[in-house]
Structures are given as structure tokens and as C-alpha cells.
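Residue strings, one per chain:
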Amino acid sequence: MRNHTIFVLIFFLFWRNTDALSNHTFPSFFKFGVATAAYQVEGAWNEDGKGENIWDRLVHNTSIVINHDTGDVACDSYHKYKEDVQLLTQLGVNFYRFSISWSRILPTGYPDQINKAGVEYYKNLINELKANNIEPFVTIYHWDLPQPLQEIGGWLNETLVDIFAEYAKTLFTLFGDDVKYWMTFNEPRQICYEGYGLGWKAPAMKLLGIGPYRCAHVLIKSHAKAYHIYQDNFKEKQGGKVGIVVDTDWYEPATNNPLDREAAERTLQFRWGWYAHPLVHGNYPKIMIQRVAMRSKLEGFEGSRLPAFTPEEVNYIKGSYDFLGLNQYASSLVKFKPESEIGIPSYENDMGTLTFRDPSWERGASDWLYVVPWGIGKVLKWIKKNYNSPEIIITENGYSDYDGALQDDKRINYIQGYLSSILEAIYEDGVKVTGYTAWSLMDNFEWYSGYREKFGLFQVDFQSKNRTRTAKKSANFYRNVIHSRKLNNVGKS
Ligand code: BGC
């Protein structure tokens with residue numbers, strides 16, 4: 001573990017190997033993995049003592065999800081985890097990034113009752129992974145809050161800071177001897193902006209310019225508390241790392257006009273900086289603090305809608321990460337936008353920029369997924385420059401289609417293009433990227449798009465009771481990349 005870290009450091013200090021780049025070879029410390037999330041694959045929504053969570057509630061009580069699809073059975077990974085591990089060994093991945101379902105471990109959300117069957121499920125999965133030489137990378141929270149915690153306001157309620165910390169501590173205690181990579185939250189922006197702002201994701205609240213900021217404030221403090229608990233009580237003995245997973249597009253100025261350049265930078269700050277800035281620099285990005293305060297005042301609020309950290313909190317949050325997880329799929333162009341009129345408070349107007357896509361860019365099935373391989377390289381360089389050159393793990397990257405076809409050449413081109421841009425960022429720009437995670441191991445429940453959009457390297461037959469998994473051509477491609485640790489000459493045919 002320690003040796004690995006030292007090696008990565010030495011590599012980035014002294015080694016710029018252009019031969020390796022021209023050879024398209026990944027550095028020896030670089031790890032490859034695939035990811036899933038509990039609600040998207042496990043199913044067994046009410047089995048063996050699992051409690052109800054906000055996604056169970058949303059899919060059963062609303063029509064937000066296409067075709068009324070649910071994750072009740074999903075890929076049935078709760079029963080088929082051994083088969084999943086077989087797929088992972090076929091790929092030859094170094095790690096598997098999966099999430100733990102909070103309500104499977106703590107059915108009420110609180111640690112007063114620990115569900116033995118839930119603990120056993122994850123112990124079995126972890127043991128199976130280790131027996132096959134695959135490292136478990138665990139996401140503590142991938143969007144599935146226990147419903148009883150939503151009843152007290154969910155992520156708008158500050159008491160969740162302590163409750164989340166208790167949950168994280170429970171996981172460190174139960175699984176920390178075997179898990180060395182922890183990610184507190186997956187994509188806090190989607191949790192807060194889509195869950196408490198736009199209402200597209202559970203708990204589907206539409207609180208535009210208020211909810212997302214309050215939610216984010218609670219999440220950031222929850223993250224920091226979990227990080228410190230690990231540092232103070234587990235780090236020495238267990239020797240693992242704790243990080244967070246933040247997502248962002250690359251935002252490219254639409255023109256060279258300084259106004260467009262400023263707008264692109266501001267958009268990055270409102271998206272990535274909202275979460276990463278407090279962790280790295282102690283507080284929200286200056287531009288965010290200024291703009292939300294300015295608009296709040298004009299709207300007639302007493303103070304800013306963006307909550308403020310106390311100086312103690314700033315100190316506590318600053319530096320609370322061992323690595324940063326980056327989910328990167330797409331890019332956008334950005335233009336300056338004149339200040340919008342004062343009206344209903346909104347995150348969009350606080351940001352105040354115009355984002356759009358180049359119509360010539362190829363698109364996946366998801367309406368936001370534009371294929372822009374160079375974008376990931378630009379994000380990586382920008383993070384290195386502005387965030388103290390952290391260790392970065394690409395925790396998600398992937399391509400969606402509708403047909404889930406086995407001959408998925410477009411997915412292969414996508415992964416190949418993005419990996420090539422990542423290699424360039426490592427060798428040419430010295431960005432400390434230590435791993436890549438393909439989203440996803442298999443087709444699964446794609447949130448409000450149900451089973452319509454498919455991201456898997458393995459196809460899943462959702463009509464069959466058995467949820468039969470079949471390798472796509474991209475699984476073969478990825479296996480060859482991992483095996484050869486090279487990008488060129490790998491089975492595109
Ligand atoms: C999420 C995944 C999701 C994927 C594709 C990410 O936003 O972490 O849960 O399935 O992107 O949309």
C-alpha cells in the first residue's frame with residue numbers, strides 16, 4: 001500500500017517517458033476496474049431484512065421513471081454476485097467499484113439495528129472478489145438514502161452529518177480490514193441538484209435555488225466527518241484511503257472572447273469546484289460565494305442562499321481527501337450570458353452562463369452524453385493546475401446505447417479515445433491519474449431512464465428470469481487493454 005504510493009510519487013516527480021506514450025503503454029501502478037451501484041444492480045429490494053430507501057419509494061409511488069421500470073429485481077446481483085465476479089475475472093480487472101446499500105446494512109438508517117444478512121452479503125461479495133484477486137473499491141453512498149432519513153428531511157437536515165458518519169464508521173468497522181479504497185459520496189451534484197433542485201432523481205424535490213446548496217453543505221460536512229473518523233480511528237491499522245467522487249463535463253469556451261473564457265471557468269467552478277474546492281482549499285469557489293450572495297440580495301434574502309462554513313469547519317474540511325474520484329463522460333461549450341432578471345432563485349441563474357453542445361459531436365443514447373475524448377484530458381489538466389495536483393482516479397467513464405447490441409463498436413471507440421487522452425495527460429502533463437473505471441460492468445437500471453439506456457460491457461437479458469449476462473465486443477476489447485496494458489493493436493476487430 002505504502003510502497004504503491006511512494007512509487008506513484010516517484011513516477012510523477014522524475015519520469016516522463018515519451019517512449020511509453022508513443023507505445024501507448026499504461027504505467028505499472030495504473031489500475032483498471034469497472035463499476036456498478038447497489039440500487040442499479042442488486043434487486044432484492046425488500047429481501048432478508050433490507051429497509052426501504054428513497055429509490056424504492058420513488059419507483060413505487062411516482063411515474064418519474066420511464067416505463068415504470070424499477071430496481072426491484074434489476075440485474076439480481078444480490079443472488080448472482082458470484083456470477084458477477086466471474087465476469088470480472090473474465091475482464092481481468094484489478095478492482096471492482098460497487099456501492100453498499102445503506103438500508104441493507106442499517107434498515108432504519110440508524111446504527112441501532114445492524115442487518116446480519118446484509119452484512120453477510122457484502123462480506124461474501126468481498127471475499128469472492130479477494131479470492132479472485134480483485135480489489136474492492138467501495139462507494140459508501142450512491143444515491144439510496146434510507147426512507148426513514150428522508151422523513152426527517154434527508155440531506156437538508158444537518159443531523160445527517162452525524163448519522164452518515166455513524167453509517168460510515170459502521171462500514172469501516174465491518175469491512176475495513178479488506179477494503180482499502182473508500183469513496184464517501186458518488187456525484188454529490190446529482191444528489192443535490194437533481195434530487196433537491198430539479199426533482200429528477202429521488203427524493204424528487206423541486207427547490208431550485210435553495211435545496212441544492214443546503215444539501216451540498218450537509219454532504220460536504222458529512223464527507224469531512226467520515227474522512228476524519230477514518231483518519232483518527234482506522235487509518236493506522238487498516239491503511240486505506242478515503243476520497244469522494246465528483247462528476248464534471250469539460251466546459252470549453254465557445255470562442256476566444258475573454259467573456260466566454262470566464263463563463264467556461266465559472267461553469268467549471270459551479271460544477272466541480274462546488275464540491276472539490278472546499279475539500280482542497282477549504283471553502284466554496286470565490287465566484288460562487290460572490291454570485292449567490294449578489295443575487296440573493298437582489299432577490300430580497302437577508303443573507304446568501306449559499307450557506308457559509310465557520311472558520312473551524314473550513315479547517316476541518318480542508319484536506320479531507322486522500323484522492324479525488326472523477327466521473328467524466330461528456331463536454332459542453334460555454335458562452336457568456338447577460339445577467340438574467342431577478343425572479344425565482346435558481347442555481348442556473350446563479351451560475352449565469354450559457355452551455356450547449358456542438359451539433360457535430362457524436363452522441364450516445366443519453367441526451368447529455370456527447371463523445372469528446374479530448375475533454376477528459378482538459379479536465380485532468382485543469383484539476384491538476386487548480387487543485388494542488390491531487391491523486392485522481394477516474395471512477396466512471398462510459399458510453400450508452402439503446403439496443404444493447406453485442407457488436408458495440410461505438411463503445412469501443414469511445415473507451416479507446418478517452419483512454420488515449422488520459423494517457424496523454426499522464427505522460428505529457430504529469431497528471432497523477434492512478435486508475436480508470438469503466439461504467440458499467442453490465443447493463444442496469446439507469447435511474448429515470450430505467451432499462452432503456454444501456455452502458456454495460458456485458459449485456460443483461462432483463463426478460464429472462466435468470467437475467468442472463470453475455471459479453472459484448474467491448475468486454476473483449478477492455479480485457480485486451482487490461483491484459484496488454486496497451487492501447488494500440490488491441491482487438492478493435
Ligand atoms: C452515475 C451512474 C450512472 C451513470 C450514467 C453517473 O452519473 O454515477 O449511477 O448510471 O453516470 O448515467
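Nothing here was measured: the structure is a model prediction, and the numbers come from that model.

**Student:** Give me the lowdown on the site of the ligand, citing residues and values where you can.
**Tutor:** As a structural note, the neighbourhood of the ligand is formed by 13 residues, with Gln40, Asn186, Glu187, Glu396 and Glu446 the closest of them. One of the side-chain nitrogen or oxygen atoms of histidine 142 is found 2.9 Å away from an oxygen atom of the ligand. In the model, an oxygen atom of the ligand is placed 3.2 Å from a nitrogen or oxygen of the tryptophan 439 side chain. Burial of the ligand by the protein chains amounts to 95% of its free accessible area of 310 Å². Per-class residue counts for the shell around the ligand are six nonpolar, four polar and three charged.

**Student:** Explain the packing of aromatic side chains to me, using residue names and the numbers behind them.
**Tutor:** What describes a pair of aromatic rings is the distance from one ring centre to the other and the angle between the planes of the rings. Scanning the entire structure with this criterion turns up 53 aromatic pairs. Where phenylalanine 172 meets tyrosine 230, the ring centres are 4.9 Å apart and the plane angle is 70 degrees; that geometry is what we call edge-to-face. Of the two residues, phenylalanine 172 sits in helix α9 (residues 160–175) while tyrosine 230 sits in helix α11 (residues 211–233), which places them 58 residues apart along the sequence. Both residues of the pair, phenylalanine 172 and tyrosine 230, belong to the buried class. Ring centres of tyrosine 436 and tyrosine 478 lie 6.1 Å apart, and the angle between their planes is 65 degrees; on these two criteria the pair is classed as edge-to-face. Here the residue tyrosine 436 occupies a position in strand β11 (residues 433–439), and tyrosine 478 occupies one in helix α19 (residues 473–484), the gap between them amounting to 42 residues. Neither tyrosine 436 nor tyrosine 478 differs from the other in exposure class; each is buried. An aromatic cluster of at least three residues, connected via ring pairs, comprises Tyr39, Trp55, Trp143, Phe445, Trp447, Tyr451 and Phe462.

**Student:** Tell me about the nonpolar core, and please be specific about residues and values.
**Tutor:** Grouped together as the largest cluster of nonpolar side chains are 157 residues, with contacts concentrated most on Trp55 and Trp155. At eleven residues, the largest contribution of residues to this core is made by α11. Judged by nonpolar contacts, the second largest core, of seven residues, contains Phe95, Phe137, Tyr181 and Ile393.

**Student:** Now, about the pattern of salt bridges: what can you tell me, with residues and values included?
**Tutor:** Enumeration over the complete set of coordinates arrives at 32 salt bridges. A salt bridge links lysine 237 to aspartate 177; the nearest nitrogen and oxygen atoms lie 3.7 Å apart. Taken together, the positions of lysine 237 in helix α12 (residues 235–238) and aspartate 177 in the loop between α9 and β4 (181–186) put the pair 60 residues apart, joining distant regions of the chain. Overlapping salt bridges bring together Arg291, Arg295, Glu299, Arg305, Glu339 and Asp350 as one network.

**Student:** Can you break down the sheet that holds strand β7 (residues 323–327) residue by residue, with the values?
**Tutor:** Strands sit in the order β1-β2-β3-β4-β5-β7-β10-β11 around a closed barrel of eight strands; the barrel is parallel. Going across the sheet, the axis of each strand differs from the next one's by a mean of 25 degrees, ignoring polarity. For strand β5 (residues 241–247) and β7, the ladder comprises five bridges, and the chain directions are parallel. By the bridge assignment, valine 246 is partnered in β7 with leucine 326. Here helix α10 (residues 188–198) sits on the sheet and contacts β3 (135–141), β4 and β5; the angle it forms with β5, its principal contact strand, is near 45 degrees. Against the sheet, α11 touches β4 and β5, its axis set at about 165 degrees to β4.

**Student:** Can you lay out the side chain of arginine 104 for me, pointing to particular residues and giving the numbers?
**Tutor:** With respect to the helices and strands, arginine 104 occurs in helix α6 (residues 102–105). At 2.8 Å, the side chain of arginine 104 forms a polar contact with the side chain of glutamate 42. Here alanine 44 takes part through its backbone oxygen, which lies 3.3 Å from a polar atom of the side chain of arginine 104. Among residues more than four places away in sequence, those in contact with arginine 104 are Glu42, Gly43, Ala44, Glu47, Lys50, Tyr78, Asn115, Gly118, Tyr121 and Tyr122.

**Student:** Give a detailed account of a nonpolar patch on the surface, specifying residues and quantitative values.
**Tutor:** The grouping of Leu207, Ile210 and Phe301 at the surface amounts to a nonpolar patch, some 210 Å² of accessible area in total. Following the sequence through the fold, phenylalanine 301 ends up in the loop between α14 (286–299) and α15 (311–317).

**Student:** Describe in detail the packing of helix α13 (residues 258–281) against α14, supporting the description with residues and values.
**Tutor:** Packing of α13 against α14 brings their axes to within 9 Å, and their N-to-C directions diverge by 95 degrees. Put simply, α13 runs roughly perpendicular to α14. Contacts between α13 and α14 pair Glu262, Arg266, Gln269, Phe270 and Trp274 from the former with Ile287, Met288, Arg291 and Val292 from the latter. Of the residues belonging to the contact of α13 with α14, the class tally is five nonpolar, one polar and three charged.

**Student:** Pulling in residues and values, what's your account of the state of the cysteines?
**Tutor:** For the structure shown, the criterion picks out one disulfide. Between the sulfur atoms of cysteine 192 and its disulfide mate cysteine 215 the distance is 2.1 Å. Taking the torsion about the sulfur-sulfur bond, which here is approximately -70 degrees, the covalent link between cysteine 192 and cysteine 215 counts as left-handed. Note that cysteine 192 is positioned in helix α10 and cysteine 215 in helix α11, a separation of 23 residues in sequence.

**Student:** Explain the sheet that holds strand β8 (residues 331–336) to me, and be specific about the residues and the numbers.
**Tutor:** Taken together, three strands build an open sheet; the order of strands is β6-β8-β9 and the sheet is mixed. Edge strands, defined here as strands with exactly one partner in the open sheet, are β6 (250–253) and β9 (353–356). Mean inter-strand twist for the sheet, computed between neighbouring axes without regard to direction, equals 40 degrees. Relative to β9, β8 runs antiparallel, the two sharing four bridges. In the strand pairing of β9, phenylalanine 336 is matched with threonine 353. Set on the sheet, helix α17 (residues 373–386) makes contact with β6 and β8; between it and β6 the angle comes to about 95 degrees.

What counts and how
- Residue indices follow the written sequence of each chain, beginning from 1 at its first position.
- Totals for whole chains, interfaces and linings use all residues, but because this is a predicted model, local features are given only for residues with pLDDT of at least 70 and pairs of side-chain atoms are given and counted only at 80 or more.
- As a rule here, side-chain values come from all non-hydrogen atoms in the structure, and water together with hydrogens is ignored.
- When at least one non-hydrogen atom of a residue lies within 4 Å of a molecule or strand, that residue is treated as near it.
- Any pair of nitrogen or oxygen atoms within 3.5 Å is treated as a polar contact; in protein, a donor-acceptor pairing is required on top of that, and neighbouring residues in sequence qualify only through side-chain atoms on both sides.
- For the accessible areas, the method is Shrake-Rupley and the probe is 1.4 Å, while residue cover comes only from the protein chains on display.
- Each residue is assigned to one of three groups, with Ala, Val, Leu, Ile, Met, Phe, Trp, Tyr, Cys and Pro labelled nonpolar, Asp, Glu, Lys and Arg labelled charged, and all others, Gly among them, labelled polar.
- Side-chain rings of Phe, Tyr and Trp, where Trp is taken by its six-membered ring, are said to pair if the distance between their centres is within 6.5 Å; with planes under 30 degrees apart they count as stacked, over 60 as edge-to-face, and otherwise as tilted.
- Numbering of helices and strands runs from the N terminus; a helix is a DSSP stretch of H or I covering at least four residues, while a strand is a stretch of E covering at least two.
- Burial classes: relative accessible area under 20% of the type maximum marks a residue as buried, over 50% as exposed, and values in between as partly exposed (1.4 Å probe, protein chains only).
- Each nonpolar core is a collection of buried residues, namely Ala, Val, Leu, Ile, Met, Phe, Trp, Tyr and Cys, held together in the definition by side-chain atoms within 4.5 Å.
- Between Lys or Arg on one side and Asp or Glu on the other, a salt bridge is scored when a side-chain nitrogen of the former is within 4 Å of a carboxyl oxygen of the latter.
- Any two strands are treated as partners once DSSP identifies two or more bridges connecting them.
- Fitted lines through C-alpha atoms serve as axes, helices being fitted only where they are in contact, and the angles separating the N-to-C directions of these axes extend from 0 to 180 degrees.
- Throughout, a residue-residue contact means that at least one pair of heavy atoms, one from each residue, lies within 4.5 Å.
- What makes a patch is a set of residues exposed beyond 30% relative accessible area and free of salt bridges, joined within 9 Å when like-charged and within 5 Å when nonpolar (Val, Leu, Ile, Met, Phe, Trp, Tyr).
- Working definition: roughly parallel below 35 degrees, roughly antiparallel above 145 degrees, roughly perpendicular at 65 to 115 degrees, and oblique for all remaining angles.
- Cysteine sulfur atoms that come within 2.5 Å of each other are treated as a disulfide pair.

Bear in mind that shape data such as this cannot, by itself, settle questions of function.
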